[in-house]
Amino acid sequence: MNDEEQIDVRTPSTDTLEELGRVDEDRFRKSLDELIIEAEEMRLSRMKQHRTRGFIAMNMGILFMLIGVGAFGWFFLVMTDIPMATLCIVLSAIPPIALNIWAGRPLKLYAYEHKTKFMPKLAKALNGLSFYPERGVSAKVLAKLAILPAFDRYEAEDCFMGTYKGVKVVFSEARLFSKASKDGPVFDGIFVLLEIPGDVIEGHTILTSNTKMVKAWEKTRWKTMQRVYVSVSNPNWDRFEIFSTKPEAAELMVGERLLKELSEASDIFDGAPLSVAMFGKKFVFMMIPNDTDMFEPSNLFVPVTTNQHALQCKKEIEQILEIIDVFDLYQPLKR
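Along each chain, the written sequence defines residue order, and numbers are assigned to residues from 1. Only residues with pLDDT of 70 or above have their local features reported here, since the model is predicted, and side-chain atom pairs are shown and tallied only from 80 upward, although totals for entire chains, interfaces and linings are computed over all residues. The side-chain numbers reported here are obtained from all heavy atoms of the structure, hydrogens and water having been left aside.

As for the sheet that holds strand β7 (residues 241–244)
What makes two strands pair is DSSP finding at least two bridges between them. Secondary structure follows DSSP: runs of H or I at least 4 residues long count as helices, runs of E at least 2 residues long count as strands, and numbering of each begins at the N terminus. Taken in spatial order, the nine strands line up as β1-β2-β3-β4-β9-β8-β5-β7-β6 in an open sheet, and their pairing is antiparallel. What marks the edges here is a single partner per strand, and that holds for β1 (130–132) and β6 (226–228). Ignoring strand direction, the axes of neighbouring strands in this sheet form an average angle of 20 degrees. Across three bridges, the pairing between β6 and β7 is antiparallel. Paired with Arg227 across the bridge in β7 is Phe243. The contact rule is simple, with two residues in contact once any of their heavy atoms fall within 4.5 Å. Axes here mean lines fitted to C-alpha atoms, for a helix over just the part in contact, with angles spanning 0 to 180 degrees between N-to-C directions. Along the sheet, helix α2 (residues 82–125) makes contact with β1 and β2 (153–164), crossing β1 at roughly 150 degrees.

With respect to the side chain of Ser266
Relative to the helices and strands, Ser266 resides in helix α6 (residues 256–268). Polar contact is defined as a pair of N or O atoms within 3.5 Å, subject to the rule that within protein one atom must be able to donate a hydrogen and the other to accept it, and that residues adjacent in sequence are counted only when both atoms are side-chain atoms. A polar side-chain atom of Ser266 sits 2.6 Å from the main-chain carbonyl oxygen of Ala272. Those residues in contact with Ser266 that lie beyond four places of it in its chain are Arg239, Gly271, Ala272 and Leu274.

Considering the side chain of Glu157
Mapping Glu157 onto the fold places it in strand β2. The rule is simple: take the accessible area with a 1.4 Å probe, protein chains only, and divide by the maximum for that residue type; under 20% is buried, over 50% is exposed, in between is partly exposed. Residue Glu157 is classed as buried on the basis of its relative accessible area, which comes to 19%. Contacts of Glu157, omitting those with residues within four sequence positions, involve Lys115, Pro133, Arg135, Ser172, Glu173, Arg175, Asp293 and Glu296.

Re the confidence of the model for the protein
Confidence of the predictor in every single residue is expressed as pLDDT, which spans 0 to 100. When the pLDDT values of the protein are averaged, the result is 84; 87% of them are 70 or greater. Predicted confidence for residues 1–15 stays below pLDDT 50, and this span has 31 contacts to residues more than four positions away or in other chains. Here residues 331–335 is modelled with pLDDT under 50, and outside its nearest four sequence neighbours on either side it reaches ten contacts, counting other chains as well.

Thoughts on empty space enclosed by the protein
Rolled over the atoms, a probe as big as a water molecule pinpoints where empty space is left. With a 1 Å grid laid over protein atoms only, a set of points is called a cavity when a 1.4 Å probe fits there but cannot get out and a pocket when it is open yet has protein on both sides within 12 Å along at least five of seven lines; lining residues have an atom within 4 Å of a point. Grid points are joined across faces, edges and corners, and a volume is the space filled by probe spheres set on the points. Under the criterion given, the structure shown has five cavities of 30 Å³ or more. By volume, the largest cavity amounts to about 110 Å³. As for the largest cavity, its lining consists of 15 residues, of which Phe171, Ile190, Phe295, Cys313 and Glu316 are closest to the centre. No other element matches helix α7 (residues 306–326), which puts four residues into the lining of the largest cavity. Of the residues belonging to the lining of the largest cavity, the class tally is nine nonpolar, three polar and three charged. Size it by volume and the second largest cavity reaches roughly 50 Å³. Each residue receives one of three labels: charged for Asp, Glu, Lys and Arg, nonpolar for Ala, Val, Leu, Ile, Met, Phe, Trp, Tyr, Cys and Pro, and polar for the others, Gly being one of them.

Okay, structure coming up:
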């Protein structure tokens, strides 16, 4: 690893991103209630459209099939024209298939509107974020990390972006797939990338509470790093193994307050084994295992229940902001 390596991350300019802020709980709940009412109206509209189209498709489909069966009987029994009789059956099946596709269209429109209309408004209510349905942390960043499992394919969705105290924040759901794994993704969870203004970070430092990762990579991927030990007053915060190419700088940067915030972030995500990489002078990357797909639309026939998920997301975002607050205390190590 090159400690002085410059990293070019092609993400949207911070000028185009909203500035994050802390949201008052009562105001947020009021905004959320309004959004859920709007989402429920959208769901009911598409549900009625789906049922109307389904009724039309069913009856028209039966009509076309009866016509096809009648034509088949005529050509097969009366005209003894087997090819024509077969053609009648085939042709009569085409309209019902097309009608079923037409009837199912509201389901796809509901999912599309959820991602393009409802989610951006929810993101705005969640601390002034911007939402991108099919974006995520740049693949160029992933190539710089030594905490990801081996993978062949990267997928990202439901990306939130913003800035907070000058720090660019990008996080999204992410999945990594490997041809060697037949049991689904090798990682399923959340990627978080913070870009801190100025050259605050020295070297390449890794923190992880994933003990399996430590055993597997301590003497291979991380062989150029040294262990760093940081004492904490609360045993619950002493859950991270720390490695760095600049151990002296890491001792100053990875203090008790950062370990406290990271531990609390892990607890918010049900005790997930959180891992962090601090690198490239100004980047902090976090990977959080979490197989809950939070931002998909509800079932078209079930009332919208986004309230609980949104409140959890707000809690997660504010914990990320707490982590960013820690970096206000840091200055580059004096040489």
